[in-house]
Amino acid sequence: MTQDELKQAVAEAAADHVARHLPEGGMLGVGTGSTANLFIDALAPIKSRLGGAVASSEATRLRLERQGIPVLDLNAVDRLPIYVDGADEIDPGMNMIKGGGGALTREKIVAAVSDTFICIADASKLVPVLGRFPLPVEVIPMAVRQVSRALAALGGTPRVREGFVTDNGNLIIDVHGLAIADPVGLETAINQIVGVVTNGLFAIRGADILLLGTPEGVRIRVRE
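How each quantity is defined
Residues numbered from 1 in each chain as written. Predicted model: local features only at pLDDT ≥ 70, side-chain atom pairs only at ≥ 80, totals over all residues. Heavy atoms only, no water. Helix = DSSP H or I, 4+ residues; strand = E, 2+ residues; numbered from the N terminus. Rg over C-alpha atoms; globule rule 2.2 N^0.38 Å. Buried < 20%, exposed > 50% of the residue type's maximum accessible area, 1.4 Å probe, protein only. Contact = heavy atoms within 4.5 Å. Lys, Arg positive; Asp, Glu negative; His and termini not counted. Charge placed at Lys NZ, Arg CZ, Asp CG, Glu CD. Salt bridge = Lys/Arg side-chain N within 4 Å of Asp/Glu carboxyl O. Patch = residues over 30% accessible without salt bridge, like charges linked within 9 Å, V, L, I, M, F, W, Y side chains within 5 Å. Areas by Shrake-Rupley, 256 points an atom, 1.4 Å probe, with all protein chains shown as cover. Core = buried A, V, L, I, M, F, W, Y, C linked by side-chain atoms within 4.5 Å. Arc of directions from axis to C-beta. Phe/Tyr/Trp six-rings, centres within 6.5 Å; stacked < 30°, edge-to-face > 60°.

The subject of this paragraph is the overall build of the protein chain. For the protein chain, the count of helices and strands is six helices and 13 strands. Its C-alpha atoms give the protein chain a radius of gyration of 17 Å, near enough to 17 Å, the size a compact globule of 224 residues would have. Dimensions of the protein chain, computed from the C-alpha atoms along their principal axes, are close to 50 × 40 × 30 Å. Taken across its 224 residues, the protein chain has 51% of its residues classed as buried. Counting only contacts in the protein chain whose residues sit at least 6 apart along the sequence, the fraction spanning at least 24 positions is 74%. For the protein chain, the distance from the average position of its 21 positive side-chain charges to the average position of its 26 negative side-chain charges is 3 Å.

Written as structure tokens, this is what we have:
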């Protein structure tokens, strides 16, 4: 199977999970990226069961609206039963690197109010140790140089993502060359750097369920 076929398989598996576990009229959190886009499209047959969705980016909001799924502001919702999103990397402990699409801050906010976080990914995203994929860090523009120096002191090679501005009006620094043995500790340390909005480590709030697309079919992993 191609990578696109694996992504399609996990997107459909996630839509099936939503159909079986989301209460009628329930609200759904939806992430950002290529696999999340396929998930949105796979929701079409069950969209009448949804009370609406909360989007983690403007791109996701537009795609949901094109499918006829109502999109609500997160401030109108207390809790979300399910949040579905992809990952750039995920380790066996269900810690993730996210933010390749630049929506990490809104993704982290939506994840924080969700009861169950379902990660959908193809097998290439499962790694023994996080860090092969550069770690995105969202930064207030005036703090880019200061934050870059602090990130370099942590052992990474920071590079500002050229020509990109987040939905929040900020910049992204991608940190290369990390081997992240302590995801929770590094997530906490980076978030304490003045000028950082948040970083793309999802370890303090990792995934609860992983739907992993493999050539042998979709495998399910549950956080222990």
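Moving on from the model shown.
Under the defined criterion, the tally for this structure stands at 15 salt bridges. The salt bridge partner of Glu-89 is Arg-132, with a shortest N-O separation of 3.8 Å. Linking Glu-89 in strand S4 (residues 89-90) with Arg-132 in the loop between strand S6 (114-122) and strand S7 (135-139), this pair joins segments that are 43 residues apart in sequence. Note on Glu-89: relative accessible area 1%, which makes it buried. Salt bridges sharing partners connect three or more residues here, namely Glu-58, Arg-61, Glu-65 and Arg-106.

Further remarks concern a nonpolar patch on the surface. There is a patch of nonpolar side chains on the surface, built from Ile-140, Met-142 and Val-197 and spanning about 310 Å² of accessible area. Residue position: Val-197 is located in strand S10 (residues 196-199).

Val-18, Leu-28, Phe-39, Leu-43, Val-84 and Ile-120 are the most contacted members of the largest nonpolar core, which totals 24 residues. Contributions of two or more residues to this core are made by helix H1 (3-21), strand S1 (27-30), helix H2 (34-42), strand S2 (52-55), strand S3 (80-85), S6 and strand S12 (209-214). Those residues in contact with Ile-120, other than ones at most four positions away along the chain, are Val-10, Ala-14, Thr-35, Ala-36, Phe-39, Val-84, Asp-85, Gly-86, Ala-87 and Leu-211. Tyr-83, Ile-90, Met-94 and Phe-117 belong to the second-largest nonpolar core, a separate cluster that totals 20 residues.

Let's shift gears to H2. Taken together, the buried positions of H2 are occupied by Thr-35, Ala-36, Phe-39, Ile-40 and Ala-42. Along the axis of H2, the buried positions cluster into a sector of 160°, meaning they face one direction only. Looking at the buried side of H2, the elements it contacts are H1, S1, helix H3 (58-66), S3 and S6.

Let us now look at the packing of aromatic side chains. On inspection of all chains with the given rule, the structure shows two aromatic pairs. Taking the centre distance of 4.9 Å and the plane angle of 50° together, the rings of Tyr-83 and Phe-117 count as tilted. Remark: Phe-117 occurs in strand S6 and Tyr-83 occurs in strand S3; sequence separation between them is 34 residues. Residues Tyr-83 and Phe-117 agree in their burial class; the two are buried. Consider the rings of Phe-117 and Phe-202, whose centres lie 6.4 Å apart with planes at 80°: the pair is edge-to-face. With Phe-117 in strand S6 and Phe-202 in strand S11 (residues 201-202), this pair connects stretches of sequence that are 85 residues apart. Both residues of the pair, Phe-117 and Phe-202, belong to the buried class. Of the aromatic side chains, those joined through ring pairs into one cluster are Tyr-83, Phe-117 and Phe-202.

This part takes up the environment of Gly-195. Along the chain, Gly-195 turns up in the loop between helix H6 (183-191) and S10. Its relative accessible area of 16% is what places Gly-195 among the buried residues. Sequence-wise, Gly-195 and Arg-145 are 50 residues apart; in three dimensions their C-alpha atoms are separated by 9.9 Å. Leaving out residues up to four positions away in the same chain, Gly-195 has contacts with Glu-138, Val-139, Ile-140, Ala-143 and Val-147.

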